[in-house]
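Commentary on secondary and tertiary structure
Next come the chains, spelled out residue by residue.
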Amino acid sequence: MAGKSFVGAIDNGTTSTRFLIFDQAGNPVAEHQAEFKQMYPHSGWHEHDPLELVSSTSECIDKACEKFEAKGYSLSDIKAVGITNQRETTCVWDTKTGEPLYNSIVWTDTRTHRIVHELKARKGADQLQPLCGLPLSTYPSSTKLLWMLRHVDKVKQAYEAGRLAFGTVDTWLVYKLNGGLDANVFVTDATNASRTMWMNIHKLEYDDKLISFFGLDTKTPKLHLPKIVPSSSPDAYGKLASTKLKGTKIAGCLGDQSAALVGQNGFVPGRAKNTYGTGCFLLYNVGEKPVISTHGLLATVAYDFSPQGLKPVYALEGSIAVAGSSVQFLRDNLGFFPTAPKVGELAQTVDDNGGVVFVTAFSGLFAPYWYDDVKGTIWGLTSYTQKGHIARATLEATCFQTKAILDAMEKDAGVKLQELAVDGGMSNSDLCMQTQSDIIQIPVDRPKMRETTALGAAIAAGFAVGVWKNFDELKEVNSEGRFFFKPKMSQAASDKMYKRWTKAVEMSKGWEDDEDEEEEEQPKL
Ligand SMILES: Nc1ncnc2c1ncn2[C@@H]1O[C@H](COP(=O)(O)OP(=O)(O)O)[C@@H](O)[C@H]1O
Ligand SMILES: O=P(O)(O)OC[C@H](O)CO
């Protein structure tokens, strides 16, 4: 094995942490995955224990390293580690103790909907998206931090004392994995910072106008924000202070959806990928200038590999809040099947959705709709309806939202996508991917190796330490064994199904009205 180089990748998704070790051909040679606890303390709330995010990461590193060594490889050949993470999820800690001040509020959490309504009425609200790329919603970190500042005494006190540190999950993990207070590495990359609403997307710097809109003081400072550094850097992210890889550099960092675009070789403008994980996120490479959407999409940073002499690259994004999590809902809340992959079998017990449409709006509807007055709604139930119809409608919901996003993207970018690269847990379902192709009427291109998010993080780290030197060396990575799902349904039949979906979405609107909001009390902590 002498002379070989490997790169590790930490992938902290919404439901689990993974650590993978990739060889130079981009193949995973060892990996370990650990689920962590999902906390739903009230309707619409979703939290993670920030310390468990760290402990599950260390556990995965050590277990994957053991498997790597058992295969006869040497840990000293792991040249660097990259990190990729669920985005927007908001972590807070005390700068003097390094201790978390509250559970991490997860990106799916909708407790901030009243704050969002209040902010939308504030002067200057219409100027935010052109500056930061995101619409005001419950989704970004900014509104989650405001909620903590209003409702969590410890957070308020730390802010007043000038000791409040904010970080998305990348920042928190990098800080803790470096040893916390002692090394005090406090950084983020532009792909993650672009999900806060505080970063100017054109300059990749925090913007005073954005920060003051949210009424935050980062000057005194009461609130400490991490420094924004490139996504690939040999020195900015420090090194692992413990685990079997103690001393190994952390050299790359990308939000998970950006990482998946990189792992899908999405380096060329016009390339798009759709990742079906807990949520589903379509990113379309638009090149070196951001495109500010006027059709319900987000502008985000695809990657910043500036130390490699490249300009930062942007993407248009369509974010779907609920994808694989709807399959988990059928599994855990309704007890339809014991494991997620069984959803396909159940859906195949029927020939079609039997007239059922499931608007899976557990967190309202994100792109391109941004409806926060919708809750999950199943339409078209009759005495004929079987579990299989509901399973089918569940898979179809993500496919329909993907079509709505592609239609919006076509209007924003002025181009029609020719094929869609896919990955993520739910893309393992052949039925779901065939349905996707039928609904969007273009081929869906699924790689054999679907750990593209982790691969993207490994590429960012590998670039920084010279394991790979340019995109050309990556041309063949993950190119083997790709499968193309081609449309089998007629355009007319596909259009008919989509029309029913659009009708269901419109009919679901307005479920939660102001009266409900007044009656519903904000739960006390
Ligand atoms: N064969 C399958 N069919 C449909 N959904 C699946 C299948 N396998 C996994 N999933 C769904 O994929 C999700 C996990 O995907 P993953 O990419 O690991 O997500 P994350 O990175 O958000 O944690 C789960 O929500 C699960 O329900
Ligand atoms: O956990 P995933 O893969 O659904 O990704 C979460 C996203 O980063 C949220 O924006």
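These figures come from a predicted structure and were not determined experimentally. (Residues numbered from 1 in each chain as written. Chains lettered and ligands numbered in written order. Predicted model: local features only at pLDDT ≥ 70, side-chain atom pairs only at ≥ 80, totals over all residues. Heavy atoms only, no water.)

What follows is about the overall build of the protein. Looking only at helices and strands, the protein has 16 helices and 23 strands in total. Over its C-alpha atoms the protein spans a radius of gyration of 22 Å, differing by no more than 12% from the 24 Å that the globule rule assigns to 525 residues. Every one of the 525 residues in the protein was classed for burial, and the buried ones make up 60%. When contacts within the protein are restricted to residue pairs at least 6 apart in sequence, those whose partners lie at least 24 apart make up 73%. Only carbon and sulfur atoms are counted for the fraction: they give 50% of the accessible area of the protein, which is about 20,300 Å². Counting 56 positive and 64 negative side-chain charges, the protein places the centres of these two groups 3 Å from one another. (Helix = DSSP H or I, 4+ residues; strand = E, 2+ residues; numbered from the N terminus. Rg over C-alpha atoms; globule rule 2.2 N^0.38 Å. Buried < 20%, exposed > 50% of the residue type's maximum accessible area, 1.4 Å probe, protein only. Contact = heavy atoms within 4.5 Å. Areas by Shrake-Rupley, 256 points an atom, 1.4 Å probe, with all protein chains shown as cover. Lys, Arg positive; Asp, Glu negative; His and termini not counted. Charge placed at Lys NZ, Arg CZ, Asp CG, Glu CD.)

This next bit is on the UniProt feature "domain: Carbohydrate kinase FGGY N-terminal" (unreviewed entry) in the protein. The feature "domain: Carbohydrate kinase FGGY N-terminal" (unreviewed entry), as annotated in UniProt, sits at residues 8-263 in this numbering. The span residues 8-263 shows a helical share of 31% and a strand share of 23%, and its end C-alpha atoms are spaced 14 Å apart. (UniProt positions renumbered as here; feature names shortened; annotations may be inferred.)

Think of two packed helices as two axes; the pair is described by the angle between the axes and how far apart they sit. In contact at an axis separation of 9 Å, helix α12 (residues 387-413) and helix α13 (residues 430-440) are set at 40° when each is read in the N-to-C sense. Considered as vectors, α12 and α13 are oriented oblique to each other. Of the two elements, α12 crosses α13, and the hand of that crossing is right-handed. Taken together, the residues of α13 that come into contact with α12 (itself represented by R392, L395, E396, T398, C399, F400, T402, K403 and L406) are L431, C432, T435, Q436, I439 and I440. Taken together, the residues of the contact of α12 with α13 break down into eight nonpolar, four polar and three charged. (Axes fitted to C-alpha atoms, helices over the stretch in contact; angles between N-to-C directions. Parallel < 35°, antiparallel > 145°, perpendicular 65-115°, else oblique. Left-handed = near helix turned anticlockwise from the far one by under 90°. Nonpolar A, V, L, I, M, F, W, Y, C, P; charged D, E, K, R; others polar.)

Judged by side-chain charge, K496, K499, R500 and K503 come together as a positively charged surface patch. Its location among the elements puts K496 in helix α15 (residues 491-508). The exposure class of K496 is exposed, given its relative accessible area of 64%. (Patch = residues over 30% accessible without salt bridge, like charges linked within 9 Å, V, L, I, M, F, W, Y side chains within 5 Å. Salt bridge = Lys/Arg side-chain N within 4 Å of Asp/Glu carboxyl O.)

The next point concerns the site of ligand 2. Taken together, T14, Q86, R87, E88, W107, Y139, D256, Q257, G277, T278, G279 and F281 are the residues near ligand 2. Counted by class, the shell around ligand 2 contains three nonpolar, six polar and three charged residues. (Near = heavy atom within 4 Å.)

So, about the packing of aromatic side chains. Taken as a whole and assessed by the stated rule, the structure comprises 29 aromatic pairs. Where F213 meets F214, the ring centres are 5.2 Å apart and the plane angle is 85°; that geometry is what we call edge-to-face. This pair shows no difference in class: F213 is buried, exactly as F214 is. Pairwise contacts between aromatic rings join W107, Y139, F281, F366 and W370 into one cluster. Cation over ring: R87 sits above F281, and NZ or CZ is 5.1 Å from the ring centre. (Phe/Tyr/Trp six-rings, centres within 6.5 Å; stacked < 30°, edge-to-face > 60°. Lys NZ or Arg CZ within 6 Å of the ring centre and 35° of its normal.)

Overall, the prediction assigns the protein a mean pLDDT of 94, with 97% of residues at 70 or greater. Note on the complex model: pTM 0.95, ipTM 0.98. (pLDDT = per-residue confidence, 0-100.)

What follows deals with the environment of A80. Summarising the element assignment, A80 is placed in strand β5 (residues 78-85). Put simply, A80 and N353 are 273 residues apart on the chain and 48 Å apart in space, counted from C-alpha to C-alpha. Apart from residues no more than four positions distant in its own chain, A80 is found in contact with F6, V7, G8, T248, K249, A251, A461 and V465.

The next point concerns the side chain of R87. Positionally, R87 belongs in the loop between β5 and β6 (91-94). In this structure R87 comes out as buried when scored by relative accessible area, which is 3%. Within the local environment of R87, its side chain forms a polar contact with the side chain of Y139, the two groups lying 3.2 Å apart. Of the polar contacts made by the side chain of R87, one reaches the side chain of E317; its length is 2.8 Å. Ignoring anything within four residues of it in the chain, the contact list for R87 reads W107, Y139, N192, R195, G255, D256, Q257, F281 and E317. (Polar contact = N/O pair within 3.5 Å; in protein donor to acceptor, adjacent residues only side chain to side chain.)

Following both chains from N to C, one finds helix α4 (residues 141-151) and helix α5 (residues 153-160) inclined at 95°, their axes separated by 6 Å at the closest point. In terms of their interaxial angle, α4 and α5 are classed as roughly perpendicular. Together, M148, L149, R150 and H151 of α4 and D153, V155, K156 and Y159 of α5 make up the contact between the two elements. Counted by class, the contact of α4 with α5 contains four nonpolar, one polar and three charged residues.

Strand order in the open sheet formed by five strands is β3-β2-β1-β5-β14, with mixed pairing between adjacent strands. Unpaired on one side and paired on the other, β3 (28-35) and β14 (250-255) mark the two borders of the sheet. Across the sheet, the axes of successive neighbouring strands diverge by a mean angle of 15°, strand direction being ignored. Alignment of strand β1 (residues 6-12) against strand β2 (residues 16-23), held across seven bridges, turns out to be antiparallel. What sits directly across from V7, in β2, is F22. Set on the sheet, helix α1 (residues 50-70) makes contact with β1, β2, β3 and β5; between it and β3 the angle comes to about 150°. (Pairing = 2+ DSSP bridges.)

Below, the discussion takes up the UniProt feature "domain: Carbohydrate kinase FGGY C-terminal" (unreviewed entry) in the protein. With numbering aligned to this structure, UniProt lists the feature "domain: Carbohydrate kinase FGGY C-terminal" (unreviewed entry) at residues 273-464. Regarding residues 273-464, the helix share stands at 35% and the strand share at 20%, and the terminal C-alpha atoms are separated by 24 Å.

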